[in-house]
Amino acid sequence: MLKDFIIPKHVGIIMDGNGRWAKKRGLLRINGHKEGMLVLKKTVESCKNLGVDYLTVYAFSTENWKRPKLEVSFLLNLLKYYINSELNYLKENNVSLKFIGSRIGLDKKIISMMEMIETETGNGKDMVFSIAFNYGGRMEITDGVKNIAQLVKNGSLLPEDIDEELISNNLYTKNMPDPDLIIRTSGEFRISNFLIWQGAYSEYYITDTLWPDFNEEELIKAFKVYNTRNRRFGGV
Ligand code: FPP
């Protein structure tokens, strides 16, 4: 990598386009998700090797329950498969895996697998990898507001002491820096309820590439574009 080249500390990815990738090949949408899962594995390795500290990917939104039953159950099973097949890699490579989102609505088996891999990889210090699963930014803020309201109600917090830091610390991403770069595949210019609080000052990179066609070359291209951006955080 070039001298002075900045690797974004926290990268977020909206992995979009699995369905279209499958359709283009005359396959069922679930085949696109399967391929997408393989690309996710490679992307985790690339981010870790390039020196990314935090990677957060959007795998299942609170709105995705509206999809056909077969697709929803496929995605849930894919997560179970992913957890089992990635455990060793993540442990051996010091990557700590966390899940952000709500556990409400998920079955006991999947919750216990999530907890197992979070514990097993918890000591990983090289990269924090978060999977947003059953995640919605508005729900995350709503949950945070409820926690804060409870603190006010029981007298341990004054309303005038509520500030941005307190709100950030009541989100699923507490202890993580805000994302520097958010990548979205498949050419859609939407944030789709992903890290809406945390992404206030993120740089966005949209590529037409469908998620199953995404690769390290494309990731480095996104980092190069990020390096051309002049981040002002509201200043001049
Ligand atoms: C959006 O593409 C993608 C998803 C809703 C699922 C993302 C899942 C993966 C990349 C697989 C990895 C997942 C796990 C569980 C580890 P889309 O289906 O909306 O595509 P379309 O816009 O072309 O229809």
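Check the entry above for the structure.
Here's what I pulled together on the structure shown here. (Residues numbered from 1 in each chain as written. Predicted model: local features only at pLDDT ≥ 70, side-chain atom pairs only at ≥ 80, totals over all residues. Heavy atoms only, no water.)

## Structural notes on the overall build of the protein
Item 1. In terms of regular secondary structure, the protein is built from seven helices and six strands.
Item 2. When its helices and strands are written in sequence order, the protein yields β-α-α-β-α-β-α-β-α-α-β-β-α.
Item 3. Taking 18 Å as the expected radius of gyration for a compact globule of 236 residues, we find that the protein reaches 18 Å, a close match to that expectation.
Item 4. If one aligns the C-alpha atoms of the protein with their principal axes, the spans along those axes are about 60 × 50 × 35 Å. (Helix = DSSP H or I, 4+ residues; strand = E, 2+ residues; numbered from the N terminus. Rg over C-alpha atoms; globule rule 2.2 N^0.38 Å.)

## What about the site of the ligand?
Item 1. Close contacts around the ligand come from 20 residues, with Asp-16, Gly-19, Arg-20, Arg-29 and Arg-67 the closest.
Item 2. Within the side chain of Asp-16, a nitrogen or oxygen atom sits 3.1 Å from an oxygen atom of the ligand.
Item 3. Here an oxygen atom of the ligand sits 2.8 Å away from a polar atom, N or O, in the side chain of Arg-67.
Item 4. Relative to its unbound accessible surface of 620 Å², the ligand loses 92% to contact with the protein.
Item 5. For the shell around the ligand, the secondary-structure elements that each account for two or more residues are α1 (18-24), α2 (29-50) and α3 (69-92).
Item 6. For the shell around the ligand, the leading source of residues is α2, giving five residues.
Item 7. Its residues assigned to classes, the shell around the ligand shows 10 nonpolar, six polar and four charged. (Near = heavy atom within 4 Å. Polar contact = N/O pair within 3.5 Å; in protein donor to acceptor, adjacent residues only side chain to side chain. Areas by Shrake-Rupley, 256 points an atom, 1.4 Å probe, with all protein chains shown as cover. Nonpolar A, V, L, I, M, F, W, Y, C, P; charged D, E, K, R; others polar.)

## Some remarks on the packing of α3 against helix α4 (residues 108-121)
Item 1. Remark: α3 packs on α4, axes separated minimally by 10 Å, with the N-to-C direction vectors making an angle of 15 degrees. Classified by the interaxial angle, the pair formed by α3 and α4 is roughly parallel. Pair α3 / α4 crosses with left-handed handedness. The residues of α4 that touch α3, namely those facing Leu-76, Leu-79, Lys-80, Ile-83, Asn-84, Leu-87, Leu-90 and Lys-91, are Lys-109, Ile-110, Met-113, Met-114, Met-116, Ile-117, Glu-120 and Thr-121. (Axes fitted to C-alpha atoms, helices over the stretch in contact; angles between N-to-C directions. Parallel < 35°, antiparallel > 145°, perpendicular 65-115°, else oblique. Left-handed = near helix turned anticlockwise from the far one by under 90°. Contact = heavy atoms within 4.5 Å.)

## Details of α2
Each α-helix turn comprises 3.6 residues. Residues three or four places apart therefore point the same way.
Item 1. The first and last C-alpha atoms of α2 sit 31 Å apart over 22 residues, in line with the 32 Å expected at 1.5 Å per residue.
Item 2. At the exit of α2 stands Gly-51, carrying a positive phi of roughly 95 degrees. (Expected span 1.5 Å × (residues − 1).)

## Some details on the sheet that holds strand β6 (residues 203-206)
Remark on secondary structure: sheet strands pair via backbone hydrogen bonds, oriented parallel or antiparallel.
Item 1. Taken together, the six strands give an open sheet; going across it, the order is β3-β4-β2-β1-β5-β6, and neighbouring strands pair in parallel fashion. Looking at which strands have only one partner, the edges of the open sheet turn out to be β3 (95-100) and β6. Neighbour to neighbour, the strand axes of the sheet diverge by 20 degrees on average, direction disregarded.
Item 2. Where strand β2 (residues 54-61) lies against strand β4 (residues 127-135), seven bridges are found, and the strand directions are parallel. Looking at β4, one finds that Tyr-54 is bridged to Val-128. (Pairing = 2+ DSSP bridges.)

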